[in-house]
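# A structural walkthrough
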Amino acid sequence: MNLIFLGAPGSGKGTQAVRLAEKISVLHLSTGDLLRAAVKNGTELGKKAEQFMTAGELVPDDVIVGLIEEKQTSGALGSGFILDGFPRTIPQAEALDAMFGRVGAKIDRAVLLDVDDEEIIKRLSGRMYCSGCQAGYNYPANMPKVEGVCDKCGGKLVRRPDDEPDVVKNRLEVYKKQTQPIENYYRNQSVLLEIKGIGTPNDIFGRIEEGLGVA
Ligand code: AP5
Ligand code: MG
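The present account deals with the structure reproduced in this document. (Residues numbered from 1 in each chain as written. Chains lettered and ligands numbered in written order. Predicted model: local features only at pLDDT ≥ 70, side-chain atom pairs only at ≥ 80, totals over all residues. Heavy atoms only, no water.)

### Thoughts on the packing of helix α7 (residues 165-179) against helix α8 (residues 181-188)
Rule in force here: To define axes, lines are fitted to C-alpha atoms, for helices over the stretch in contact only, and angles between the resulting N-to-C directions are given on a 0 to 180 degree scale. Only runs of H or I of at least four residues qualify as helices and only runs of E of at least two qualify as strands under DSSP, and these elements are numbered from the N terminus. Should an angle fall under 35 degrees it is taken as roughly parallel, and over 145 as roughly antiparallel, whereas 65 to 115 is taken as roughly perpendicular and any remaining angle as oblique. Throughout, a contact is declared for two residues whenever any of their heavy atoms are within 4.5 Å.
Contact pair α7 / α8: the axes reach a minimum separation of 5 Å and the direction vectors enclose 40°. By the angle between their directions, the pair α7 and α8 is classed as oblique. Between α7 and α8, the residues in contact are Tyr-175, Lys-176, Lys-177, Gln-178 and Thr-179 and Pro-181, Ile-182 and Glu-183, respectively.

Structure representation (structure tokens):
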């Protein structure tokens with residue numbers, strides 16, 4: 001199955017995509033995770049991307065399309081995938097269709113997680129992760145036993161720089177302006193699956209499984 005996960009920042013794409021990829025045995029590919037790793041490792045890609053990410057802006061289309069093209073030509077996408085956070089603009093969606101058109105592949109469903117701004121701000125302002133093992137926490141629902149310290153490895157908990165309130169505000173604006181138009185792009189292709197993204201992660205996962213017919 002070839003899937004795309006769409007939704008505003010903090011709508012739960014990563015949370016749900018990781019779980020679904022495991023269940024249906026496909027590759028989970030998050031462009032945000034790839035870019036953050038590139039920034040951390042100081043690669044050329046990381047150097048190109050960092051200033052955009054820190055400001056909550058999108059990385060230029062040619063950079064990100066090049067990254068996905070590399071994955072496609074290396075065969076990494078051949079046995080099914082969930083793309084989490086790509087495409088994010090109409091040119092990216094068109095580039096993906098062109099890329100797959102050349103090899104006779106297609107997107108089966110684009111899963112859209114629908115969450116209101118108030119909930120998103122709450123989720124992102126509470127998000128922390130371990131600088132060592134990357135384990136995720138969210139205040140106050142999922143707090144560590146000792147303030148600021150990872151339960152699993154004792155590492156220091158930190159915030160994503162783009163979860164600062166001003167940057168979150170910009171990410172939401174960028175989503176509405178540059179990414180939301182692709183909802184219609186996939187609606188017009190009759191592959192859009194709209195999922196209410198409010199409730200517990202378990203409830204939402206159940207809705208996704210049902211919508212995709214993989215329950
Ligand atoms: P990216 O990493 O994709 O970030 P994002 O889309 O802004 O979304 P997040 O990862 O913050 O949220 P999510 O929807 O994955 O939610 P999550 O499951 O983590 O992109 C980062 C940056 O990289 C972009 O701003 C851009 O600069 C660049 N970039 C990436 N792709 C690009 C592209 N294609 N083109 C150009 N630039 C690109 O959940 C959020 C929090 O909520 C977590 O703490 C989680 O535990 C909690 N949570 C999840 N579900 C629930 C629930 N049901 N109830 C309560 N809390 C919940
Ligand atoms: Mg994510």
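### Focus on the pairing of strand β4 (residues 109-114)
The line we're drawing: Strands are treated as partners if at least two bridges between them are detected by DSSP.
Across five bridges, the pairing between strand β1 (residues 2-7) and β4 is parallel. Paired with Leu-3 across the two strands is Arg-109, which belongs to β4. The sheet contact formed by β4 and strand β8 (residues 192-196) spans five bridges and is parallel. Bridge assignment links Ala-110 to a residue of β8, and that residue is Leu-192.

### A word on the site of ligand 1
Our working definition: For each residue, the test is whether any non-hydrogen atom lies within 4 Å of the molecule or strand; if one does, the residue is near. For this analysis, a polar contact is any N or O atom pair within 3.5 Å, provided that within protein one partner can donate a hydrogen and the other can accept it, and provided that sequence-adjacent residues contribute only side-chain to side-chain pairs. The Shrake-Rupley method, run with a 1.4 Å probe, gives the accessible areas here. Residue values count only the displayed protein chains as cover. Classes in brief: Ala, Val, Leu, Ile, Met, Phe, Trp, Tyr, Cys and Pro nonpolar; Asp, Glu, Lys and Arg charged; the others, Gly included, polar.
As a matter of local geometry, ligand 1 sits amid 31 residues, with Thr-15, Glu-57, Arg-88, Arg-127 and Asn-138 nearest to it. In this structure, Thr-31 approaches ligand 1 through a side-chain N or O atom, which is 2.8 Å from a nitrogen atom. The contact in question runs from an oxygen atom of ligand 1 to an N or O atom on the side chain of Arg-160, over 3.1 Å. Coverage of ligand 1 by the protein chains reaches 89% of its 1,000 Å² of free accessible surface. Only α1 (13-24), α2 (31-41) and α9 (201-212) provide two or more residues apiece to the shell around ligand 1. It is α2 that provides the largest number of residues to the shell around ligand 1, a total of four residues. Across the shell around ligand 1, the residue classes break down as 10 nonpolar, 12 polar and nine charged.

### Overview of helix α6 (residues 117-126)
As a reminder, the rule being used: For every residue, the accessible area obtained with a 1.4 Å probe (protein chains only) is divided by the maximum for its type, and the residue is called buried under 20%, exposed over 50%, and partly exposed between those limits. Read the arc as the range of directions from the helix axis to the C-beta atoms.
Taken together, the buried positions of α6 are Glu-119, Ile-120, Arg-123, Leu-124 and Gly-126. The arc that holds the buried residues of α6, viewed along the axis, is 165°, so those residues lie on one side. For α6, the exposed residues lying more than 90 degrees away from the buried face are Glu-118 and Lys-122. Turning to α6, the residues buried within the fold contact β5 (127-130), β6 (136-138) and α7.

### Section: the side chain of Thr-89
Within the fold, Thr-89 resides in the loop between β3 (81-84) and α5 (90-103). A distance of 3.1 Å separates the side chain of Thr-89 from the backbone nitrogen of Gln-92, its partner in a polar contact. Those residues in contact with Thr-89 that lie beyond four places of it in its chain are Leu-58, Asp-61, Gln-178 and Ile-182.

### Structural notes on the sheet that holds strand β7 (residues 157-158)
On the basis of which strands lie adjacent, the open sheet formed by three strands has the order β6-β5-β7 and antiparallel pairing. Each edge of the open sheet carries a strand with a single partner, namely β6 and β7. Sheet topology places β5 next to β7; two bridges connect them, and they run antiparallel. Directly across from Tyr-129, in β7, lies its bridge partner Val-158.

### A closer look at the packing of aromatic side chains
The test is simple: For Phe, Tyr and Trp, rings pair up if their centres lie within 6.5 Å, where Trp contributes its six-membered ring, and each pair is then called stacked (planes under 30 degrees apart), edge-to-face (over 60) or tilted (otherwise).
Per the counting criterion, the structure on display carries two aromatic pairs. Note on Tyr-185 and Tyr-186: the rings are 5.1 Å apart at their centroids and 80° apart in plane angle, and the pair reads as edge-to-face.

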